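Notes for the structure review
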Amino acid sequence: RVSSGDNRAPGETVGVGGSKKMPPPAACVAVSPSSIPCLIAVPLALVLLLVARSISSPSDVSRVMPALPGFQAAPFRGDAQRGFRGDAQAGLQAAPSARAAQLAAGPTGVDDDFRPSDNGAVAAADFAPVVAALAVPTAVARAGSQRPLFGPDARGSNCQGPLCSVGKVAPHRAGDLELPGELEKAVRARSYGGELIITYANEAGSAWVGNLALSLRDVGIEHFFLIMMTQRGCDGLYDSPSKLSCGWSSWDLDGCKSEKDKTGATERMWFIRHYYLARIIELGSVNVMALDGDMTINAMPYAALHDPSTLGSSNFILSLDNGASALMINNGFMYLRGCRNGGQTWRILHEILQREKDVCKHSEVYAKGGAYWRDTDAQGITSGSHAYVFVTAKDQKIYQDVLMSAFCGRHVILRNEPTQVVIERARWKDYVLHFTGGLTNNEMEACARFDEHFNAPGIDKKAGWSHWTHALRLPPRPVGGGIVGADLRGLPEGGPMVDEPEAETAAAPNASFISSWHGTMEGEVAGWDGHWAHNPPTISHFVGGLDKVDAMQSLGWWRYETEVTVASLPRAADGSAVAVGAVSPAQHRHFQIGLPRVLALAGPGATQPWASFRVSVRAQAARRVWLSVLASALGRVAVEPVTDCTSAWIPRLNNTGFGRARRRSRYPREGIYAQYDERTGIGAFVGDCKPGFSPAPPHPQGVCCFPFFCKTIRARHGVDSLPGTHHRLVDAKLAEPGSVRRDVEWSNLGLPSSGTLSAEEIVAKLGSAAAAAADVLVLLVPADFGWPQVSGLRAEARASLCADFGKSCRKMVKDDDLLLPAWPAAWLEALRVQAPGSLEPDSAVAIFAKSNETDMFAWRRRHWRELPPGEVI
């Protein structure tokens, strides 16, 4: 199953979720004797917040993570451009220590009743023992807990402006959009201020479009509409706690894309956006934006789109991949404004569909010996079986060809190869000449290029690009049709196309408005070096490579309300989940009524700056499993510990010789938002984090790294299918109204720090009424912590732990194991390795260190303390 915006091959599963709407949190609503404490607490909290902000200065973080030096800075960057996260530095303020962060945290950190004593710990006596052990099969919310509202009115309350539509647009569930009047009713119901946003997905992509919709709500946009491939897909999202407005469609490109066929179903989902964009133009009532599901919206986009000095006069706003050319367009983002029915934009959309329909309806033209390849095969330019094959992102390649035709005013087909073909060595120029109708390679590239516009007056490339534009002149097909590439090549009858009356133009914004996983030229550097963590573009597109969900989570851009939605979706006939988001299907039950209570690790023992990624990946898994055992006893969900960003195994963009490059030798091949070693498939995403979780100085406070290990590495070391979730669940849980965090020093609990301890002791100390009240419970473990195994885990807790492991339960939670977790020997050895250890000789870091005679671990620790001006982490 292939999700929206995902370039997976057919058959790869993506994901699904939902739950019941919860009541609003209680509040002080009247002045009465019982409300006096609340009236006192609110101003006190404000005072504490001001104190907290004054303790930390952003100067350290500005030094560690400076703004990029002028890479495509847009003229419209301002308060709105910083997004719903507020001040770009607010989430990254450095604290002198975890102790200071705790003291400064106020109501969102350690409660007054649990403030650390002078030695910075919580006394064991503060926890009253309980009579019976707490053992539950799922980490559900405690009785009477306050939950945020889900649904259309739960987000976006801070939005200001004429297009803030949260709370102003009613939910709408449409039927089959192919029925008469259904699309018109949906557009009328869901548009606002003459604007509408659409996205699309199959059931497997429900989590993706759900997260996108929640990101739209976060910035104040409710005027969106989801187009699902089946009625069940729409019903599940609309009936979920998030109540996502949607419709479904039976459109199949005139029988060419059947939902019953795996490949056809995937391609139907790709092409459906072009079809409905054209139909919405025909309605003539709204401007429409189309977004891939693997995007997030970080700020209200309309200020830039309507800016009269840049994009405001263009009709077809596009996004770029690797360069300012029609051949480098990405169709994940499209914004259509004032487009005429029958105009250039409308014709471009129809031409995309017609070219794919030609292949379907005239397969003999594209087969071996057919008219399409006959001449080039005869001339030795091409060869091959010319059999139909599934092509990744085929709709985008056709889209690029059609855009190039519109830019050049002639019939062109280059990017899409409709059937299998081999272009013979050294014959590319001849291939271009044939399929452009006589253009040389240089002429082809010249006519496909956008016109450049710069931030500064005149042509000053140092100031960066503000946007690009180009007139649209798509030649019409002659009466009676004809097939582009077979019958139609080059200039149309009558000579070159000229601008039509009421001509329409295309434009592309710069990377400060939209950046993608790969491409976007210099704009992507902000992703590779971690700057997206505090200076995101308005729209982020996670196009391909690495792990999209982990990247979104690490940046704080995955909304865990999505998991509540996914958990509520109907299951497949065999009981399996039809959609998966950030949480494995084995753990969906924890999210069925809201976000679960969390158990987290912090302190010196929670992170170690190992030089070896093999040690790191095993030790990381061992700690996560250990915490999951405790979480199962306490009715919580464990979150993965953060990683020390100074660990020598983590590659860096600068000063590490990153390895091979895809397009430019000075850039890494796939290091987005992360520093990533393509030789070994390992890296770390950079992001901000809550006080108390950053490793000790010289590591900067408020900054954390979240480990990334590719599927091959995880399988090789046996660390896939682990219980627990990403660390970002901590942030989501603490964002709930009335949530409480409690930090507890392990050394003050009176529990053993090595050997064994009983589950009954754990519950007595950490399951007491006081500790159980915490939504987020953080265990602070020392550097020499021995990770004691747990005995006596009750049957219900053992069953819950086993369910969280899923298929790997038999390896980790054996029936005859009295002590848990049952770590593999390699994991246990990794826990006992003394940091930092040594580098793997085959890693990019080790190769760089050897060639430069550098002690990478010592260099890294010094690098964080004495970062030269202008460098990035």
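Once a new chain begins, its residue numbering starts again from 1 and follows that chain's sequence as written. A pLDDT threshold of at least 70 governs which residues receive local features in this predicted model, and a stricter bar of 80 or more applies before side-chain atom pairs are shown or counted, although totals over entire chains, interfaces and linings include all residues. Remark: hydrogens and water are excluded; side-chain values derive from all non-hydrogen atoms of the structure.

**Observations regarding the overall build of the protein chain**
Runs of H or I in DSSP of at least four residues are treated as helices and runs of E of at least two as strands, each being numbered from the N terminus. When helices and strands are tallied, the protein chain shows 27 helices and 25 strands. Relative accessibility thresholds used throughout: buried, under 20% of the residue-type maximum; exposed, over 50%; partly exposed, between the two (1.4 Å probe, protein chains only). With 873 residues in all, the protein chain has 59% of them scored as buried. Two residues qualify as a contact provided that any one of their heavy atoms is within 4.5 Å of a heavy atom in the partner residue. A sequence separation of at least 24 residues applies to 77% of the contacts in the protein chain between residues at least 6 apart. Surface exposure here means Shrake-Rupley accessible area, sampled with a 1.4 Å probe, where a residue is shielded only by the protein chains that are shown. Carbon and sulfur atoms make up 53% of the accessible area of the protein chain, which totals about 32,700 Å².

**Observations regarding the packing of helix H9 (residues 344-361) against helix H12 (residues 394-408)**
Running from N to C, H9 and H12 cross one another at 130°; their axes reach a closest spacing of 9 Å. In terms of axis orientation, H9 runs oblique to H12. As for the relative orientation of H9 and H12, their crossing is right-handed in sense. Every residue of H12 that contacts H9 at Gln344, Ile348, Glu351, Ile352, Arg355 and Glu356 is listed here: Lys394, Ile398, Tyr399, Asp401, Val402, Leu403, Ser405 and Ala406. Here the contact of H9 with H12 is composed, by residue class, of seven nonpolar, two polar and five charged. A fitted line through C-alpha atoms represents every axis, and for helices the fit uses only the stretch in contact; the resulting angles, taken between N-to-C directions, go from 0 to 180 degrees. In this scheme, roughly parallel covers angles under 35 degrees and roughly antiparallel covers those over 145, while 65 to 115 is roughly perpendicular and the rest are oblique. With the far helix as reference, a near helix turned anticlockwise by less than a right angle produces a left-handed crossing, and one turned clockwise produces a right-handed crossing. Residues are grouped as follows: Ala, Val, Leu, Ile, Met, Phe, Trp, Tyr, Cys and Pro are nonpolar; Asp, Glu, Lys and Arg are charged; every other residue, Gly included, is polar.

**Regarding the sheet that holds strand E14 (residues 514-516)**
At least two bridges found by DSSP between two strands is the condition for calling them paired. The strand order E6-E15-E14 describes an open sheet built from three strands, whose pairing is mixed. In this open sheet, the two edge strands, each paired with only one partner strand, are strand E6 (295-297) and E14. Across this sheet, the average inter-strand angle for adjacent strands is 15°, counted without regard to direction. Pairing of E6 with strand E15 (residues 539-541), which is carried by three bridges, proceeds in the antiparallel orientation. Residue pairing for E15: Ile297 is matched across the bridge by Ile539.

**Focus on the sheet that holds strand E22 (residues 756-758)**
Ordered by their spatial adjacency, three strands build an open sheet running E22-E24-E25, and the pairing between neighbours is mixed. Each of the sheet's edge strands pairs with one partner strand only, and the pair in question is E22 and strand E25 (819-820).

**Quick word on unusual backbone geometry**
Here Leu820 and Pro821 are connected by a cis peptide whose omega angle stands at 0°. Tracing the chain through its elements places Pro821 in the loop between E25 and helix H25 (825-832). Here the amide bond leading from Ala835 into Pro836 is cis, since omega sits at 5°, within 30 degrees of zero. Although it is not a glycine, Leu253 adopts a positive phi angle of roughly 55°. Locating Leu253 in the fold gives a position in the loop between strand E4 (246-248) and helix H7 (262-283).

**Points about the packing of aromatic side chains**
When two rings of Phe, Tyr or Trp (its six-membered ring) have centres within 6.5 Å they constitute a pair, described as stacked for plane angles under 30 degrees, edge-to-face for angles over 60, and tilted for the intermediate range. All told, the structure shown has 21 aromatic pairs when counted by the stated rule. For the ring pair Trp251 and Tyr275, a centre distance of 4.7 Å and an interplane angle of 15° mean the geometry is stacked. In this pair, Trp251 is assigned in the loop between E4 and H7 and Tyr275 in helix H7, connecting sequence segments 24 residues apart. With respect to class, Trp251 is no different from Tyr275; both count as buried. Aromatic ring contacts, followed pair by pair, group Tyr366, Tyr372, Trp373, Trp428, Tyr431 and Phe435 into a single cluster. When the ring centre of Trp208 is taken as reference, the NZ or CZ atom of Lys548 above it lies at 5.7 Å. We count a charge as sitting over a ring when the NZ of a lysine or the CZ of an arginine lies within 6 Å of the ring centre and within 35 degrees of the ring normal.

**Observations regarding helix H26 (residues 844-852)**
Listed as buried for H26 are Ala844, Val845, Ala846, Phe848 and Ala849. Phi turns positive, to about 50°, at Glu853, one or two residues after H26.

**Focus on the state of the cysteines**
Here, disulfide denotes a covalent bond that connects the sulfur atoms of two cysteines. In what follows, a disulfide is any cysteine sulfur pair within 2.5 Å. Counted under the stated rule, the structure contains seven disulfides. Put simply, Cys256 and Cys360 are joined by a disulfide, and their sulfur atoms are 2.1 Å apart. Taking the torsion about the S-S bond as the criterion, the Cys256 to Cys360 disulfide, at about -95°, is left-handed. Taken together, the residues span a long stretch of sequence, with Cys256 in the loop between E4 and H7 and Cys360 in helix H9 at a distance of 104 residues. For Cys360, a relative accessible area of 34% corresponds to the partly exposed category. In this model, Cys645 is linked to Cys705 through a disulfide, with the two sulfur atoms separated by 2.2 Å. Handedness of the Cys645-Cys705 disulfide follows from its S-S torsion of about 115°: it is right-handed. Taken together, the residues Cys645 in the loop between strand E17 (637-638) and strand E18 (674-677) and Cys705 in strand E20 (residues 703-709) connect sequence positions 60 residues apart. By the burial criterion, Cys645 is buried, and Cys705 matches it.

**Considerations on the confidence of the model for the protein chain**
Here the protein chain shows a mean pLDDT of 78. Residues at 70 or above account for 74%. Confidence of the predictor in every single residue is expressed as pLDDT, which spans 0 to 100. In the model, residues 1-138 has pLDDT below 50 throughout and makes 326 contacts with residues more than four positions away in sequence or in other chains. Considering only residues more than four positions removed or in separate chains, one finds that residues 140-148, a stretch of pLDDT under 50, has 25 contacts.

**Looking at the packing of helix H5 (residues 206-218) against helix H17 (residues 561-568)**
Running from N to C, H5 and H17 point in directions that differ by 140°, and their axes come no closer than 9 Å. Taken together, the axes of H5 and H17 lie oblique to each other. Where H5 crosses over H17, the handedness of that crossing is right-handed. Each of Ala207, Gly210, Asn211 and Leu214 in H5 lies in contact with H17, whose residues at this interface are Glu561, Thr562 and Val566. Here the residues of the contact of H5 with H17 sort into three nonpolar, three polar and one charged.

**Focus: the pattern of salt bridges**
For this document, the term salt bridge refers to a Lys or Arg side-chain nitrogen within 4 Å of an Asp or Glu carboxyl oxygen. Throughout the structure, instances matching the rule amount to 31 salt bridges. In this structure, Arg173 and Asp235 form a salt bridge, with 3.3 Å as the shortest nitrogen-oxygen distance. With Arg173 in strand E1 (residues 173-176) and Asp235 in helix H6 (residues 231-238), this pair connects stretches of sequence that are 62 residues apart. The salt bridge involving Arg589 is made with Asp804; its shortest N-O contact spans 2.9 Å. Remark: Asp804 occurs in helix H23 (residues 795-805) and Arg589 occurs in the loop between H17 and strand E16 (598-602); sequence separation between them is 215 residues. You'll find Arg589 and Asp804 in the same group, each marked buried.

**Things to note about the side chain of His541**
Looking at the element boundaries, His541 is found in strand E15. In terms of polar contacts, His541 uses its side chain to reach the side chain of Asp292, at 3.5 Å. Identification of polar contacts relies on pairs of N or O atoms within 3.5 Å, with a donor-acceptor requirement for protein atoms, meaning one able to donate a hydrogen and the other able to accept it, and with residues adjacent in sequence counted only if both atoms are side-chain atoms.

**Overview of the environment of Ile413**
Structurally, Ile413 can be placed in the loop between H12 and strand E10 (422-423). Taking C-alpha positions, Ile413 is 9.8 Å from Leu488, a pair spaced 75 residues apart along the chain. For Ile413, the residues in contact, after removing those within four places along its chain, are Arg355, Tyr372, Asp401, Phe435, Val484 and Gly485.

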